[in-house]
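What the coordinates show
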Amino acid sequence: PPEAERAFAATSSSPPSMVQPLLRLVALTMSWCLTLSVSTYCLFGSRFLGYGQPQLSTMFSSGAAIAVLTQLFLFPRLVRRLGEPASCTVGLGAVAMGLGGLSLLKCQPLHSMLYLLTRLGVGIADTSTATLVALTSAGREARARNLALIQSTRAGARIITPLLSARLFELSCSGGVFGAIPGALPYLIVSGMSLAFMPVPLLVRRLSKHLQ
């Protein structure tokens, strides 16, 4: 019957069920990265770099400007050249390099450059993740639901990650097995997560029939 054929076609054209959870993990990682770049960085910058409020404000303003400029000018050009999945992978790579580097290298201007690279990477990866969520949703209702879940994931991360990051930061400053590199533990964890998730957008492109 025609109804059965339409139902089968809709089912066969739907993206695999694992696509959206994978993208939510990427979104959670980018939200955690923003926490490390702002609230946790206040602890890091004041403790290891001697930053006061003027220096922190300058860093945050520069990072926000980089993120906005990235989304307005760099991201559209990158997507036209590479596509959304590869652009997301590039952003995740920039985050992994930037976060890991700034936690280990405190000499200037290299440290500030790695901080700005992190904010640039988040601007690329976070925006392309939302785009991938929309492209891999089967229909308007699924798109609205998946975008809402991404927003909920980000909101939940903004509640949990500041507490978790502060605890990990203090743990890495207290010596012992976690204190080999003081203050670096939360940054290295999220850097490793970003590195581990780099193949995810390319996997999404392979799994989903909705990406052109």
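Scoring rules and cut-offs
Residues numbered from 1 in each chain as written. Predicted model: local features only at pLDDT ≥ 70, side-chain atom pairs only at ≥ 80, totals over all residues. Heavy atoms only, no water. Axes fitted to C-alpha atoms, helices over the stretch in contact; angles between N-to-C directions. Helix = DSSP H or I, 4+ residues; strand = E, 2+ residues; numbered from the N terminus. Parallel < 35°, antiparallel > 145°, perpendicular 65-115°, else oblique. Contact = heavy atoms within 4.5 Å. Nonpolar A, V, L, I, M, F, W, Y, C, P; charged D, E, K, R; others polar. Expected span 1.5 Å × (residues − 1). Bend = angle between axes of the 7 residues up to and from the residue. Buried < 20%, exposed > 50% of the residue type's maximum accessible area, 1.4 Å probe, protein only. Arc of directions from axis to C-beta. Core = buried A, V, L, I, M, F, W, Y, C linked by side-chain atoms within 4.5 Å. Salt bridge = Lys/Arg side-chain N within 4 Å of Asp/Glu carboxyl O.

Right, let's talk about the packing of helix 3 (residues 39-48) against helix 7 (residues 140-173) for a bit. Axis separation between helix 3 and helix 7 bottoms out at 9 Å; the angle between their running directions is 25°. Regarding the angle of helix 3 to helix 7, the classification is roughly parallel. Where helix 3 approaches helix 7, its residues Ser39, Thr40, Leu43, Phe44, Arg47 and Phe48 are matched on the opposing element by Pro162, Ser165, Ala166, Phe169, Glu170 and Cys173. For the contact of helix 3 with helix 7, the residue count by class is seven nonpolar, three polar and two charged.

Moving on, we come to helix 7. The end-to-end C-alpha distance of helix 7, which contains 34 residues, comes to 48 Å, matching closely the 50 Å that a straight helix rising 1.5 Å per residue would cover. Maximum bend of helix 7: about 35°, positioned at Ile160, with proline Pro162 one to four residues after it. Along helix 7, the residues that are buried comprise Ala142, Asn146, Ile150, Thr153, Arg154, Ala157, Thr161, Ser165, Leu168, Phe169, Ser172 and Cys173. Buried residues along helix 7 sit in contact with helix 2 (19-37), helix 3, helix 6 (110-135) and helix 8 (185-196). Within two residues after helix 7, Gly175 carries a phi angle of roughly 85°, on the positive side.

The step from Gln108 to Pro109 runs through a cis peptide bond, and the omega angle for that step is 5°. In this fold, Pro109 is placed in the loop between helix 5 (84-104) and helix 6.

Of the positions making up helix 9 (residues 199-207), those classed as buried are Val200, Pro201 and Val204. The arc enclosing the buried residues of helix 9, seen along the axis, measures out at 100°, which places them on a common side.

As a further point, take the nonpolar core. In this structure, Tyr41, Leu92, Leu99, Leu102 and Tyr187 are the most contacted members of the largest nonpolar core, which totals 36 residues. Among the elements of the structure, helix 2, helix 3, helix 4 (53-82), helix 5, helix 6, helix 7, helix 8 and helix 9 are those that each provide at least two residues to this core. Residue contributions to this core peak at nine residues, all from helix 2. If sequence neighbours within four positions are ignored, Tyr187 has contacts with Leu36, Thr40, Tyr41, Phe44, Leu99, Leu102 and Ser103.

Once that is clear, we can look at the side chain of Thr35. On the secondary structure map, Thr35 appears in helix 2. On the basis of relative accessible area, Thr35 is assigned to the buried category, the value being 8%. In this view, Thr35 contacts Thr40, Tyr41, Thr161, Pro162 and Ser165; residues no more than four positions away in its chain are not counted.

A word on the pattern of salt bridges. In the structure shown here, the tally under the stated rule is two salt bridges. A salt bridge links Arg47 to Glu170, with the nearest nitrogen and oxygen atoms 3.6 Å apart. Taken together, the residues span a long stretch of sequence, with Arg47 in helix 3 and Glu170 in helix 7 at a distance of 123 residues. In this structure Arg47 comes out as partly exposed when scored by relative accessible area, which is 46%. A salt bridge links Asp126 to Arg154; its shortest N-O distance comes to 3.1 Å. Remark: Arg154 occurs in helix 7 and Asp126 occurs in helix 6; sequence separation between them is 28 residues.

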